[in-house]
Amino acid sequence: METRAPYVLIGSFVLAAIVAVFGFVYWLNNTGGIGPRTNYQVQFQGPVPGLLVGAGVLFNGIRVGEVTQLGLAPDNPRFVNATISVASATPVRTDTRVGLDFQGLTGVPVVTLEGGMIVAKSGEPPTLIAEAGAGQSMTQAARDALRRVDTVLEDNSGPLKDTIANLKTFSDGLARNTGKIDGILAGLEKMTGGGAPAQKVTYDLRTPQNLGPAGKTLSASLAIPEPTAVAMLQTQRMLFSPAGDNPGFAEFLWADSIPKLVQARLIDSFENYDIAHAPLRTSDLGQADYQLLIDIRRFRIAMEGDTRVEIALSARIVDKNGKVIASRIIEASEKLDKVEPEVAVAAFDVAFARIAQELIGWTVQAV
């Protein structure tokens, strides 16, 4: 009994191992991923470089099987017949598109299956016909494209030579007439107003300095809001009457729009007269005892008769309740010898100094 016990143990172990191997094969075949398979015949209408038995088969990008057999078509050596084995659950149809793809950096070829709607009749699985050129690699495609380009160039070598010769003649003509072309372009640029825009020149209105000693000062707080004016005066351009084209003032600009410029220089004038009681803007002062309301009527160069600068203001003084306690119109003009920007600005300075002096004296008497 003791001598036979090891043989029984060894035999039992070998039997168990055989059963385990058969069980693993059964599991792998039925539940481990192999499962039932269906074989399909695929015909490639051209070479299939690099395709080997065992290469993967992908359906919509998912691996469903592999290539099991490769061979040349007996009736046409240019065609390649392949047998693929795929999972039976794969929805392969008679119109499923077949191709060859090259994956990864090494370009490993795989058979690709996509789509399909027509269900095959019961019986043997359908033969799938790959698309023409399915086995063509990117390198081969590039070679074919370059070969076609070379053919086109060769067939049209004569016309191409003539075209190049014409281009050379045209470029030589341009080189000989560069000066004339530059002149033509300059004329077109001038006619259409192109080119770099001219630099604008800004002019300011000078604040009068010599207003005399302050004989009487303001006895209450006074604010000067931004003057009102018609839309034509809401500009930085020099205005003319009658309106016309004045090329010398094409680049002229006041330092600010006319109403804002008049407000700033009036406040500066009051400060030069009596800085301790000078008025401020409404936003700076808040609720003042009085407001000096200015409406600009004229601020222009008049060209009728004697050419002159004209400034006309309508002034009103109102209290904090909005009652008008005084009003008047102040006008000043200055003759112009030349209609030039510097001469005109100097004339505006003189006329504005008279306006400011008269306005300050009247305001101090009324408040």
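Below: a short report on this structure. Please read all numbers here as calculations on a predicted model, not as lab measurements.

### A short note on unusual backbone geometry
Here the residue pair Ser241 and Pro242 is connected by a cis peptide bond, since its omega of 0° sits within 30 degrees of zero. By the element assignment, Pro242 lies in the loop between strand E11 (240–241) and strand E12 (252–254). One non-glycine residue, Asn60, adopts positive backbone phi at about 55°. Mapped onto the fold, Asn60 is located in the loop between strand E2 (56–59) and strand E3 (62–73).

### Description of the environment of Tyr203
Residue placement: Tyr203 occurs in strand E8 (residues 201–203). What makes Tyr203 buried here is its relative accessible area of 15%. Here the alpha-carbon distance between Tyr203 and Trp254, two residues 51 residues apart in the chain, equals 4.9 Å. One polar contact links Tyr203 to Glu342, side chain to side chain, over a distance of 3.0 Å.

### A word on a nonpolar patch on the surface
A cluster of nonpolar residues, Ile10, Phe13, Val14 and Ile18, forms a patch on the protein surface that exposes about 410 Å² of accessible area. Here Ile18 shows up in helix H1 (residues 5–30).

### Describing the packing of aromatic side chains
With the rule as written, the count across this model stands at seven aromatic pairs. Look at Tyr203 and Phe252: their rings are 4.7 Å apart centre to centre, the planes differ by 10°, and that puts the pair in the stacked class. A residue pair is termed long-range when its members are at least 10 positions apart, and Tyr203 in strand E8 and Phe252 in strand E12 qualify at 49 residues. Taking the relative accessible area as the measure of exposure, Phe252 reaches 1% and is therefore buried. Their ring planes at 70° and their centres at 5.7 Å tell us that Trp254 and Phe299 sit as a pair that is edge-to-face. Taken as a pair, Trp254 in strand E12 and Phe299 in strand E13 (residues 290–302) lie far apart in primary sequence, 45 residues in all. Judged on exposure class, the residue Trp254 and its partner Phe299 are both buried. By way of ring pairs, the aromatic residues Tyr203, Phe240, Phe249, Phe252, Trp254, Phe299 and Phe348 are connected into one cluster.

### What about helix H3 (residues 157–176)?
The first and last C-alpha atoms of H3 sit 29 Å apart over 20 residues, in line with the 28 Å expected at 1.5 Å per residue. Within H3, only one of the 20 residues are buried, which leaves the element largely exposed.

### A word on helix H5 (residues 258–273)
Counted at 1.5 Å a residue, the expected span for H5 with its 16 residues is 22 Å, and the 22 Å between its end C-alpha atoms agrees. Within H5, 12 of the 16 residues are buried, which leaves it mostly tucked inside the rest of the structure. Listed in full, the buried residues belonging to H5 are Ile258, Pro259, Leu261, Val262, Gln263, Ala264, Arg265, Leu266, Ile267, Ser269, Phe270 and Tyr273. The elements touched by buried residues of H5 are strand E9 (222–223), strand E10 (228–229), E12, E13 and helix H7 (341–366).

### Here we look at the side chain of Arg265
Within the secondary structure, Arg265 is located in helix H5. Judged by its relative accessible area of 15%, Arg265 falls in the buried class. Arg265 has contacts with Asp204, Leu205, Thr207 and Phe352, leaving out every residue within four places of it along the chain.

### Structural notes on the packing of H5 against H7
Close contact between H5 and H7 brings their axes to 10 Å; oriented N to C, the two are set at 60°. Crossing of H5 against H7: the hand is right-handed. Between H5, through Val262, Arg265, Leu266, Ser269, Phe270 and Tyr273, and H7, the contact on the second element is made entirely by Phe352, Ala356, Leu359, Ile360, Thr363 and Val364.

### Quick word on the pairing of strand E15 (residues 324–335)
Pairing analysis gives 11 bridges linking strand E14 (residues 308–319) to E15, with the strands arranged antiparallel. When the bridges of E15 are listed, Ala315 appears paired with Arg328. Count of turn residues in the E14/E15 antiparallel hairpin: four residues, of which Gly322 carries a positive phi of about 90°.

### Some points on the nonpolar core
If you look at the biggest cluster of nonpolar residues, it comprises 49 residues, and the most contacted ones within it are Met238, Trp254, Leu292, Phe299, Ile301 and Phe348. Mapped onto this core, the elements with two or more residues apiece are E12, H5, E13, E14, E15 and H7. By residue number, the principal contributor to this core is H7, which donates 12 residues. The contacts of Phe299, once residues within four sequence positions are left out, are Leu205, Leu233, Leu239, Trp254, Ile258, Val262, Glu310, Ile311 and Phe348.

### Description of the sheet that holds E2
Pairing is mixed in the open sheet, where seven strands are placed in the order E5-E6-E2-E3-E4-E1-E7. With partners counted over all chains shown, the strands left at the sheet margins are strand E5 (97–103) and strand E7 (127–129), one partner each. Across the sheet, the mean angle from the axis of one strand to that of its neighbour is 35°, orientation sign disregarded. Bridging between E5 and strand E6 (residues 108–114) involves seven bridges; their strand directions are antiparallel. Its bridge partner being in E6, Arg97 is matched across the sheet by Glu114.

Cut-offs applied
- Residues numbered from 1 in each chain as written.
- Predicted model: local features only at pLDDT ≥ 70, side-chain atom pairs only at ≥ 80, totals over all residues.
- Heavy atoms only, no water.
- Helix = DSSP H or I, 4+ residues; strand = E, 2+ residues; numbered from the N terminus.
- Buried < 20%, exposed > 50% of the residue type's maximum accessible area, 1.4 Å probe, protein only.
- Polar contact = N/O pair within 3.5 Å; in protein donor to acceptor, adjacent residues only side chain to side chain.
- Patch = residues over 30% accessible without salt bridge, like charges linked within 9 Å, V, L, I, M, F, W, Y side chains within 5 Å.
- Areas by Shrake-Rupley, 256 points an atom, 1.4 Å probe, with all protein chains shown as cover.
- Salt bridge = Lys/Arg side-chain N within 4 Å of Asp/Glu carboxyl O.
- Phe/Tyr/Trp six-rings, centres within 6.5 Å; stacked < 30°, edge-to-face > 60°.
- Expected span 1.5 Å × (residues − 1).
- Contact = heavy atoms within 4.5 Å.
- Axes fitted to C-alpha atoms, helices over the stretch in contact; angles between N-to-C directions.
- Left-handed = near helix turned anticlockwise from the far one by under 90°.
- Pairing = 2+ DSSP bridges.
- Core = buried A, V, L, I, M, F, W, Y, C linked by side-chain atoms within 4.5 Å.

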